[in-house]
2 protein chains.
Amino acid sequence: MAKAAKQKTSSGPEKTTRIQEINRRLILDAALDVFSTYGFRGTTIDQIADKAGMSKPNLLYYFPRKQNIYVTLLEETLTEWLAPLADIDPEGDPIEQLRKYITLKIKMSESHPEASRLFANEVLHGAPAISDFLAKHLKPLVDEKAVVIRRWVGEGKLAPVDPYHLIFMIWATTQHYADFDVQVRAIMGSQVGRPGFREQTAQAVLSIILNGIRPRS
Amino acid sequence: MAKAAKQKTSSGPEKTTRIQEINRRLILDAALDVFSTYGFRGTTIDQIADKAGMSKPNLLYYFPRKQNIYVTLLEETLTEWLAPLADIDPEGDPIEQLRKYITLKIKMSESHPEASRLFANEVLHGAPAISDFLAKHLKPLVDEKAVVIRRWVGEGKLAPVDPYHLIFMIWATTQHYADFDVQVRAIMGSQVGRPGFREQTAQAVLSIILNGIRPRS
DNA sequence: CAAAAACTTGACTAGTTGGTCAAAATGCAG
DNA sequence: CTGCATTTTGACCAACTAGTCAAGTTTTTG
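By convention here, each chain's residues receive numbers from 1 onward along its written sequence. Here chains are named by letter from A upward and ligands by number from 1 upward, in the order in which they appear as written. The predicted origin of the model limits local features to residues at a pLDDT of at least 70 and limits the giving and counting of side-chain atom pairs to 80 or more, whereas totals for whole chains, interfaces and linings rest on all residues. Working from all heavy atoms in the structure, the side-chain values ignore hydrogens and water.

**What to know about the pattern of salt bridges**
Opposite charge on two side chains allows them to pair when their charged atoms are near. Any carboxyl oxygen of Asp or Glu that lies within 4 Å of a side-chain nitrogen of Lys or Arg is treated as forming a salt bridge with it. Using the criterion set out here, one finds 26 salt bridges over all chains in the structure. We note a salt bridge from K145(A) to E144(A), for which the minimum N-O separation is 3.8 Å. Taking relative accessible area as the criterion, K145(A) reaches 3% and is therefore assigned buried. Of the charged contacts in the structure, one is a salt bridge between R151(B) and E91(B), with a shortest N-O distance of 4.0 Å. Residue R151(B) is found in helix 7 (residues 131-154), and its partner E91(B) is found in the loop between helix 4 (66-86) and helix 5 (94-111); the two are separated by 60 residues along the sequence. The cut-offs for exposure are 20% and 50% of the maximum accessible area for each residue type, with area from a 1.4 Å probe on protein chains only; residues under the lower value are buried, those over the upper are exposed, and the others partly exposed. What makes E91(B) exposed here is its relative accessible area of 66%. Shared partners join several salt bridges into a network, and the residues in it are E91(A), R151(A), E155(A) and K157(A). Secondary structure elements follow DSSP: runs of H or I no shorter than four residues count as helices, runs of E no shorter than two count as strands, and numbering proceeds from the N terminus.

Structure below.
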C-alpha cells in the first residue's frame, strides 16, 4: 500500500530534469549579477527573477529561500577561485610558479569581476555564510602552500619573506582591480577599457612583487 | 512683519548648539559601526538609534535622511584617509617617503578598520554616493603624486614602475588587513590579535614592495 | 522665572519585500 | 490520447522599515 516510487519524500529531489537544470543555471547567473552589485540585503528576489526571466514564485520553486541562491553561488565561485592556488607546483621554479599564479589571478579578476566582488562583499561583512568553508577549505590549502614557500625561502630560492603575507599581498593586489574597479576607473579613466590594460597591469604587479621576493645576494 | 531672526529659514542651521554637537557625534560614531558591518541597505535607522542611545525620531531630527548620515560619514572618513598621501614629500628620499606612507596606512588599517570597510563597501557597490568626491578630490591628488613618482623613476631613484599601479598596490595591500580581516583571521588564527602582529605585517609588506621598487643596477 | 526655542518621543503611515498558496498550464510516460 | 507529475503564476499576507507628526519635556535666554 505504500506509495512506492514517490519522489516527494523528505529525501529531496534525487532526479534533476532538463528544465530544472536550465532554470537553476538561469537563476544563478542572474543572481551573481545582482548580488555582486547590490549585496545580499540590497538584492530583492524580484530583481533576480526579472533578470532570469521568470516570476518570483517560480524562482522560489527552485530555490525556496533567497539565502539558498546566495550560498550556492558563493560555494560554486569559491571552489573555482581556489584552483589556481592549488595548482602551484612545489617542484617547479618558485619565481615561475608565482608568476603563473599572479598572471592567472589577474586574468580571473578581469574575466569574472562579479565573482570577485560577491566574495569580497561577503568577507567584508564578516563572512556569515561561509566562515565554515574558509576554515575547512581555504585555511588548509593556504597552510599547505605556505610550507612550500617557506621551503623555497630556506633553499635560498626566494628572499626571506613570510609566506602568509606574500599570499595576502597577491590576493589583495590582483582582486583590487575587480573589487575597486570604480575607483581604478575614476583615477585612470579611459585607459582601463583599452586593450592591453590587463597586460600592463600584470606587468606592473609582477615587476614589483617578483623583484620584491627575488633572492638578493 | 516678517519674522525676523527665525533660524528655520531655508538657509539651514547656522548655529550649532552644544547638544547638537554631542548628538551628531554620537550618531555618526554609532552609524560607522553599523554601516561598516551591514552596509547601507543592511542597516536600519533603529539599529543606529539604539546604539547611539536615542529614539529614531530624535535621530531623524539631526539627520533627516538615512542617506545623510551615510554620506557625511563617507566624506569625513575619506578626507582623513587621504591625508597621508598628500603628505608624501616630493623633495624627500623616495624609499623613505614610501616607507612612511605604507607604515601609516597599515597603522590606520589597524586602528580604524571600520572606516576602511565602510569605504570598501561603498566602492565595491559602484560608489553611488561618492563618485563625485572621487573625481574631484581623489583623482587630482593621485595624479599629482604620480608625477612625483614618475620623476623619481626618471632620476633613477626608483626602478621603472608605473606610479598608478604602485599606488593601487599599496592601497590594496594595506587595506586588505582591515577589509578582509575575517579571512586573515580564518587563516592566521590567533596570531592576528597578538601584540607585534602589525609590526610583522608592516615588515613583510615593506620588504616586498620596497625591494620591488628599489633601483636595480 | 516665564516664555521661547530646542529637543525628545509614542504612535502612526505608506511602501517594500520575503515567502505562501491554490489553481492553472505544461510536459511527458505508457 | 490520457492521466499523472512537473512547472508556472496571480493574488495574497505578514513582517519590516524609512520617514511623519503632534504633543510633550527640557534647555536657554531675556
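**Describing the relation of the copies chain A and chain B**
Alignment of the copies relies on least squares applied to C-alpha atoms, considering only residues that score at least 70 for pLDDT in both. Once turned by 180° and shifted 0.0 Å along the axis, chain A lies on chain B with an RMSD of 0.1 Å. One copy is carried onto the other by what is essentially a two-fold rotation axis. It is G212(A) whose C-alpha, among those of chain A, lies nearest the rotation axis, at 1.8 Å. Should any heavy atoms of two residues lie within 4.5 Å, those residues are considered in contact. Take the interface residues of chain A: 100% of them recur as interface residues in chain B, which is what a same-surface contact looks like.

**A look at the environment of R18(A)**
Looking at the secondary structure, you find R18(A) in helix 1 (residues 18-42). Taking the C-alpha atoms as reference points, R18(A) and L78(A), 60 residues apart in sequence, are found 26 Å from one another.

**Some points on the interface of chain A and chain B**
Facing the 54 residues of chain A at the interface are 54 residues of chain B. Overall, the association of chain A and chain B removes approximately 4700 Å² of surface from exposure, summing both partners, and the carbon and sulfur fraction of that is 70%. At the junction of chain A with chain B, the criterion picks out 0 salt bridges. Among the elements that line the side of chain A that touches chain B, the one with the most residues is helix 8 (residues 163-179) of chain A, at 12 residues. Residue composition of the side of chain A that touches chain B, grouped by class: 30 nonpolar, 17 polar and 7 charged. When two components associate, each loses some accessible surface as probed by a 1.4 Å sphere; the sum of these losses over both components is called the buried area. Side-chain classes are defined by residue name, with Ala, Val, Leu, Ile, Met, Phe, Trp, Tyr, Cys and Pro counting as nonpolar, Asp, Glu, Lys and Arg as charged, and the others, Gly among them, as polar.

**Focus on the environment of R99(B)**
All names here are of chain B. Turning to its location among the elements, R99 is positioned in helix 5. Overall, R99 belongs to the partly exposed group, its relative accessible area being 30%. With 63 residues separating them along the chain, R99 and D162 place their C-alpha atoms 17 Å apart.

Keep in mind that these numbers describe shape and distance, not what the molecule does.
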